[in-house]
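Observations on the model geometry
Given next are the chains, with one letter for each unit.
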Amino acid sequence: MAIQLGAGTLLRHPLPHWLALRLRRQFTPRRIGFALVLLAYLALIGVVIAGWTPVDALDQKVDLLRLRHRWPEVHRFFLDYVMLGQRGPSTFVMLPLFALLSWRRRSWRPLLLLGVALFVLNLSVGVVKVATGRWGPLVTRQAHDVFAGGNIFPSGHTANAVVLYGVFAMVVARRWRTPVVVAAAWISLTVGLSTLYLDTHWLTDVLGGWLAGALVLFALPRCERFAQRSLARGRAWFTAWRAARASEKADAGEVFGTLPEGARDDLVA
């Protein structure tokens, strides 16, 4: 019996039926994709911290292209275009679209997905930025300038573009999904490349941003389920608390009503 695990047939040996089903459930395309992206991201972080010479040399070569000095006439355009990946402005622009989808579907899910995705993104990217402390080409010409108090690895603009427009592609109607996915991929790609033109990032920063954003998208369904369970527990706790308070007030009212008139006046006084 051949066992289908995600992308292809990996095992051709007879296995018990229950084990075959378990393997199919465990090795889904999403989980395999998450594992591969995670491994690539961790490897890139290790290479950046270790300062592997071939990768540092590649960063230096891309920086030496001096793209913004070669074509200064498009500097203003790229300075504005890269705002598509700036967390605040891009979220402000996209938020009404997520709110419209929530209103039309009578569901909080699009807004919940957006909130969870941005929270996970900012937390995960922020930790790596602080931990690596890398500076970019505008500050130093040494690509291996880590643990120096910087905050440019991975590229936040790039990761934010991947997550923001990727989540939007996940929640739009199925008939619009293909063009939105293409647009999301194009914006994510070009925002990352724009930061190279502007000299704000090394090439490995941009690669890290793409991987960090993809990692969040792969992890989002599980994070969404965790958020939904947490919200449900919170609502249940709040409902129980309100019911307990109402019960206490009702009991207090009944006791107050059974007291003699003089005793009531003493309690009020």
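What you see is a predicted model; the values in this text were computed from it and never measured.

Here the focus is helix α6 (residues 87-105). Compared with an ideal rise of 1.5 Å per residue, which puts 19 residues at 27 Å, α6 spans 26 Å between its outermost C-alpha atoms and is within 8% of the ideal. Roughly 35° is the biggest bend found in α6, and it falls at Met94, with proline Pro96 one to four residues downstream. Three or more residues of α6 are buried, namely Ser90, Thr91, Met94, Phe98, Leu101 and Ser102. As for α6, its buried residues are in contact with α7 (109-132) and α8 (156-171).

This paragraph deals with the packing of aromatic side chains. One pass over the full model with this rule turns up six aromatic pairs. Summarising the aromatic geometry, the rings of Phe77 and Tyr81 are spaced 5.7 Å apart at their centres and angled 20° between planes, so their arrangement reads as stacked. Taken together, the positions of Phe77 and Tyr81, both in helix α5 (residues 75-81) and four residues apart, correspond to about one turn of that helix. On the numbers, 5.9 Å between centres and 25° between planes, the contact of Phe238 with Trp241 is stacked. Residue Phe238 and its partner Trp241 are located together in helix α10 (residues 203-258), separated by three residues, close to a single helical turn. On the accessibility criterion, Phe238 (41% relative accessible area) is partly exposed. Through successive ring pairs, a cluster of aromatic residues spans Phe77, Phe78, Tyr81 and Tyr197.

Taken together, the side chains of Arg30, Arg31, Arg222, Arg225, Arg229 and Arg233 define a basic patch exposed on the protein surface. Of all the elements in the fold, those that place two or more residues in the positive patch are α2 (29-50) and α10. Among the elements that take part in the positive patch, α10 stands out by supplying four residues, more than any other. Among the structural elements, Arg233 can be located in helix α10.

The final tally for this structure, using the stated rule, is seven salt bridges. Across the pair Arg134 and Asp205 runs a salt bridge, and its minimum N-O distance is 2.8 Å. Taken together, the positions of Arg134 in the loop between α7 and α8 and Asp205 in helix α10 put the pair 71 residues apart, joining distant regions of the chain. With respect to class, Arg134 is no different from Asp205; both count as buried. Each of the salt bridges in this network shares a partner with another, and the network as a whole consists of Asp59, Arg134 and Asp205.

About the criteria used
Residues numbered from 1 in each chain as written. Predicted model: local features only at pLDDT ≥ 70, side-chain atom pairs only at ≥ 80, totals over all residues. Heavy atoms only, no water. Helix = DSSP H or I, 4+ residues; strand = E, 2+ residues; numbered from the N terminus. Expected span 1.5 Å × (residues − 1). Bend = angle between axes of the 7 residues up to and from the residue. Buried < 20%, exposed > 50% of the residue type's maximum accessible area, 1.4 Å probe, protein only. Contact = heavy atoms within 4.5 Å. Phe/Tyr/Trp six-rings, centres within 6.5 Å; stacked < 30°, edge-to-face > 60°. Patch = residues over 30% accessible without salt bridge, like charges linked within 9 Å, V, L, I, M, F, W, Y side chains within 5 Å. Areas by Shrake-Rupley, 256 points an atom, 1.4 Å probe, with all protein chains shown as cover. Salt bridge = Lys/Arg side-chain N within 4 Å of Asp/Glu carboxyl O. Lys, Arg positive; Asp, Glu negative; His and termini not counted. Charge placed at Lys NZ, Arg CZ, Asp CG, Glu CD.

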